[in-house]
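Structural features, examined
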Amino acid sequence: MPPLRGFSDNNFGDRNDALLATNALIGSLESYFSPGNARVQLPVCSGAHFDETAAQLEGFARPIWAVAAVAKSSDLPDSKVSAYIHRLVEGIANGVNPDHPEYWGTIGDWDQRMVEAEPISFALLIAPKTFYEPLSEQGRSHLVQWLSGLNGKLMPPNNWRWFRIFSNLALSRVCGVPYDDVEEHIEADFVVLDQFELGDGWSGDGIWRKDGIPNQEFHGRQADYYSGSFAIQFSQLLYCIIADDSDPSRVSRYRQHAKDFASQFWRFFDEDGAAIPFGRSLTYRFAMGAFYAAFALAKCYDPSNRYTSAGFVKGMLLRHLRWWAEHSSNMFAADGTLTIGYLYPNMFMCEDYNSPQSPYWAMKIFVVLALEASDEFWTADEIPHPLSTAPDDSSSVGVELLPAPSQILCNHPRGQHHFMLSSGQFCVWPLKAAEAKYSKFAYSSAFAFSVPTGGLLTQLAPDSTLAISRDDGQTWATRWETIGLPLIKLLSIHGMEIKCLQSVWRPWKAGDIEITTTLVPPCDEWPDWHVRIHRIRCYKQGPLHSEHLRLVEGAFAIEAKQPRLMSQLDEDLTVSSQYGGTLETANSSMIIGSAGVSGLKDLTASGGIEGKILKSDSNTNLMEPRALIPTLQRDKLEVYLDKEVVVVTGVFAIANGKKGLSREELVRRWSQQPHLTESILNELK
């Protein structure tokens, strides 16, 4: 698939580069506008759970994030954006007109139109002269009627509440509706949103489940990019721009939340700008960095904090865009439009709410174009990623526990891998591949996670998780919901305190098996490894006094070019994109591929284990259409009532980066496996 000129070859160094990318992205859409310019339909036949009109509204509304930002600036260029604006203004007039054939339809309960109302409202709020004043009196009346349709409708208790707030702000600040008519709706939605706050600037995408509280079983625990760039933090920052004069108390609180969040969120990006794929809606791609665009737009800078200065924010945003440009060769269709997928078209990883037009939520990152070329953001020098200048012995910079999302972000200076350990997050509503998107043990910016395509083991693609079968492999279960809140455990290694995450989960709600999993991050003793400790037991008296289980534990999925089986690490072995190899032993397996090295070892010395390379189904992995997974497989594990079985696994990973890696160095690192004594294991009970 061809790259997109203007985006894929973009250096993303200044405002002109961002404008060039916007021109390229919207230019590919122009031929797909409807005659009345109110809808955009890409030439792809796939469906979402909502109606086709709403799907085509997505194609119309989502690019507005970037186009409205350009319209706000005083230096509107003679570019594709100018012509695009005229289409949008005509499209708004026709789309809200009940008598026009391209009418978007009345907004109902749980309606996708609610989502698309937000970018339209954003355009009205920041560029009313461009998007509101050209409308006729009748057009303005229709717009008020359509936006008012959000009020009084059922809406999920998650980030969607921001969509209604912005619609009501547009009604009251631009469209002439008295604020008294919308205030009650706005404040009611703020009451819901306030319940999402987790501390340290974080919010969940919905109410965070706390077991033992009535009705909490209907809530999950989700703190992903919706909590930052896709919706909540992003919308809070836009609110700071719009309501700075009218709601100073809330705006002050949101600004502090943004600064607190910025002090942690940078850890989700590596030194080259790659974000860790985690959670849902990853087809929104470079919207993962949109928090930094909104942060700059709201001018939340604090030069006394290295993570909130203009230069730091600029570096985080532009590095992220450069990473996507460098990895966009297979991201676009032949006509230059965005596809559903991550690094390549992939329907397995998408959600039921992804229409062909959905990926254009990615345009959120270009709201930064609302800043003039002379703005502090564009004139500041980029500040490098903190880990690119960190000393090799600064392990505290590279490994950090984030209590709010229950994750440990890992990029140990002595290692060569950027990833997270995650414990306790899960999604309970019917989301495709929810276990893969939220409940795996680890997520990496170098080795993306995989999603299942079916029930067989190869289709399950169990990277970074523990797959369990009680029927000899006919069906499999992995971690999904956890029981109770995750715990923070402290481990002492050679006088150094290591913070670990522990969760309790059951592979089957109707079964008797309960597993306590402790995740131990990299440290100075094993910088290339993390450790998983699984304590498996029968937790209640069931019809049987024991369970016979089959276990398959996976490391990071990786693409391997020209893989060949090795009995040992060959003397001529080097880690490069031109070499591939696999290693299988009685207690380990490892893959050397174009992205680096992935492997794992059994650390319990319990026997009955076999290291195997699993060839997962094609297109299960988000980054690599063909991926392999190093696994450890136990075909017969018997768990008796009141007798605990402990499984300890060391997971090894090195990403190809700026540092070269010789065979000798790889052998040394592979041999430097974690050693956990019985006393250490007892500490983690």
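In this text the structure is predicted, and so the values were computed from the model without any measurement.

Procedures and definitions
Residues numbered from 1 in each chain as written. Predicted model: local features only at pLDDT ≥ 70, side-chain atom pairs only at ≥ 80, totals over all residues. Heavy atoms only, no water. Helix = DSSP H or I, 4+ residues; strand = E, 2+ residues; numbered from the N terminus. Rg over C-alpha atoms; globule rule 2.2 N^0.38 Å. Contact = heavy atoms within 4.5 Å. Areas by Shrake-Rupley, 256 points an atom, 1.4 Å probe, with all protein chains shown as cover. Lys, Arg positive; Asp, Glu negative; His and termini not counted. Charge placed at Lys NZ, Arg CZ, Asp CG, Glu CD. Buried < 20%, exposed > 50% of the residue type's maximum accessible area, 1.4 Å probe, protein only. Phe/Tyr/Trp six-rings, centres within 6.5 Å; stacked < 30°, edge-to-face > 60°. Lys NZ or Arg CZ within 6 Å of the ring centre and 35° of its normal. Expected span 1.5 Å × (residues − 1). Polar contact = N/O pair within 3.5 Å; in protein donor to acceptor, adjacent residues only side chain to side chain. Salt bridge = Lys/Arg side-chain N within 4 Å of Asp/Glu carboxyl O. Core = buried A, V, L, I, M, F, W, Y, C linked by side-chain atoms within 4.5 Å. pLDDT = per-residue confidence, 0-100. Pairing = 2+ DSSP bridges. Axes fitted to C-alpha atoms, helices over the stretch in contact; angles between N-to-C directions. Parallel < 35°, antiparallel > 145°, perpendicular 65-115°, else oblique. Left-handed = near helix turned anticlockwise from the far one by under 90°. Nonpolar A, V, L, I, M, F, W, Y, C, P; charged D, E, K, R; others polar.

The next subject is the overall build of the chain. Helix and strand counts for the chain come out as 19 helices and 19 strands. In terms of overall size, the chain behaves like a compact globule, its C-alpha atoms giving a radius of gyration of 25 Å where 685 residues would be expected to give roughly 26 Å. Projected onto its principal axes, the C-alpha coordinates of the chain cover approximately 80 × 55 × 50 Å. Restricting the contact set of the chain to residue pairs at least 6 apart, pairs at least 24 apart contribute 69%. Total accessible area on the chain is roughly 24500 Å²; 49% of this is exposed by carbon and sulfur atoms. Across the chain, 60 positive and 81 negative side-chain charges occur, with their mean positions spaced 3 Å apart.

What follows covers the side chain of Gln-56. Along the chain, the position of Gln-56 falls in helix α2 (residues 52–61). By relative accessible area, Gln-56 is classed as buried at 11%. Excluding its chain neighbours within four sequence positions, the residues that come into contact with Gln-56 are Arg-39, Val-40, Gln-41 and Gln-357.

Following the criterion strictly, the structure yields 51 aromatic pairs and no others. Where Phe-291 meets Tyr-292, the ring centres are 5.1 Å apart and the plane angle is 75°; that geometry is what we call edge-to-face. The burial state of Phe-291 is the same as that of Tyr-292; both residues are buried. The aromatic ring of Phe-190 is capped on one face by Arg-250, whose charged end is 3.7 Å from the ring centroid. Lying over the aromatic face of Tyr-226, Arg-280 brings its terminal NZ or CZ to 3.9 Å of the ring centre.

A few words on helix α1 (residues 15–27). Structural remark: α-helix, 3.6 residues per turn; residues separated by three or four positions point the same way. Between its terminal C-alpha atoms α1 stretches 18 Å, which fits the 18 Å expected from 13 residues at 1.5 Å a residue. The buried count for α1 comes to 10 of 13 residues, which makes it a mostly enclosed element. Taken together, the buried positions of α1 are occupied by Arg-15, Asp-17, Ala-18, Leu-19, Ala-21, Thr-22, Asn-23, Ala-24, Leu-25 and Ile-26. Of the surrounding elements, those touching the buried residues of α1 are α3 (64–72), α4 (80–95) and α14 (376–379). With a side-chain oxygen lying 3.2 Å from the backbone nitrogen of Asn-16, the N-terminal cap of α1 falls on Asp-14.

With that out of the way, let us pick up the pattern of salt bridges. Counted by the stated rule, this structure contains 30 salt bridges. The shortest N-O distance in the salt bridge between Arg-250 and Asp-247 comes to 2.7 Å. Accessibility assignment for this pair places Arg-250 and Asp-247 in one class, buried. With a closest N to O distance of 2.6 Å, Asp-602 and Arg-634 form a salt bridge.

Here we come to the nonpolar core. In terms of nonpolar packing, the biggest core is built from 167 residues, with Phe-7, Phe-60, Leu-124, Phe-131, Phe-286 and Phe-366 touching the most fellow members. It is helix α13 (residues 310–326) that provides the largest number of residues to this core, a total of 10 residues. Setting aside anything within four residues of it in sequence, one finds Leu-124 in contact with Phe-131, Tyr-132, Leu-143, Leu-147, Ala-170, Val-174 and Cys-175. Counting 39 residues, the second-largest nonpolar core is a separate cluster that includes Phe-419, Ile-515, Leu-600 and Val-645.

What follows deals with the confidence of the model for the chain. For any part of a model where pLDDT is low, the fine detail of the predicted coordinates should not be relied upon. Of all residues in the chain, 94% have pLDDT values of 70 or greater, and the mean over the chain is 92. Of the regions scoring below 50 in pLDDT, residues 571–578 engages in 26 contacts with residues more than four places distant in sequence or in other chains.

With respect to the element layout, Arg-319 can be found in helix α13. In this structure, the C-alpha to C-alpha distance between Arg-319 and Gly-273, residues 46 residues apart in sequence, is 4.5 Å. Discounting chain neighbours no more than four positions away, the residues touching Arg-319 are Glu-271, Asp-272, Gly-273, Glu-382, Ile-383, Pro-384 and His-385.

Moving on to the pairing of strand β16 (residues 596–602). With respect to burial, β16 is a largely interior element, 7 of its 7 residues being buried. Taking every second residue as pointing to the same face, both faces of β16 are buried, with Gly-596, Ser-598, Leu-600 and Asp-602 on one and Val-597, Gly-599 and Lys-601 on the other. Relative to β16, strand β15 (residues 588–593) runs antiparallel, the two sharing 6 bridges. Residue Met-590 lies in a different strand from β16, and its bridge partner there is Gly-599. For β16 and strand β19 (residues 645–655), the ladder comprises 7 bridges, and the chain directions are antiparallel. Paired with Gly-599 across the strands is Phe-652, a residue of β19.

In the sheet, strand β8 (residues 482–493) pairs with strand β9 (residues 496–505) via 9 bridges, with the strands oriented antiparallel. Bridging from a neighbouring strand, Ile-483 pairs with Val-504 of β9. Counting the residues that bridge the hairpin from β8 to β9 gives 2 residues, and of these His-494 lies at a positive phi of roughly 50°.

When two helices pack together, their arrangement is given by the angle between the helix axes and the distance between those axes. Axis separation between helix α10 (residues 232–242) and helix α11 (residues 248–265) bottoms out at 9 Å; the angle between their running directions is 135°. Judged by the angle between their axes, α10 and α11 are oblique. Classified by chirality, the crossing of α11 by α10 is left-handed. On α11, the residues that touch Gln-233, Gln-236, Leu-237, Tyr-239 and Cys-240 of α10 are Arg-250, Val-251, Tyr-254, Arg-255, His-257, Ala-258 and Phe-261. Residues that form the contact of α10 with α11 fall into these classes: 7 nonpolar, 3 polar and 2 charged.

What follows is about the environment of Ser-31. By the element assignment, Ser-31 lies in the loop between α1 and α2. Among the residues examined, Ser-31 registers a relative accessible area of 59% and is labelled exposed. Placed 114 residues apart in sequence, Ser-31 and Gln-145 show a C-alpha to C-alpha distance of 30 Å.

A few words on the sheet that holds strand β3 (residues 399–402). Across the sheet, 4 strands lie side by side as β3-β4-β5-β6; this open sheet has antiparallel pairing. Where the open sheet ends on each side, the last strands, each with one partner, are β3 and β6 (442–444). The average angle at which neighbouring strand axes cross in this sheet is 20°, direction not considered. One ladder, built from 3 bridges, connects strand β5 (residues 419–422) with β6; its direction is antiparallel.

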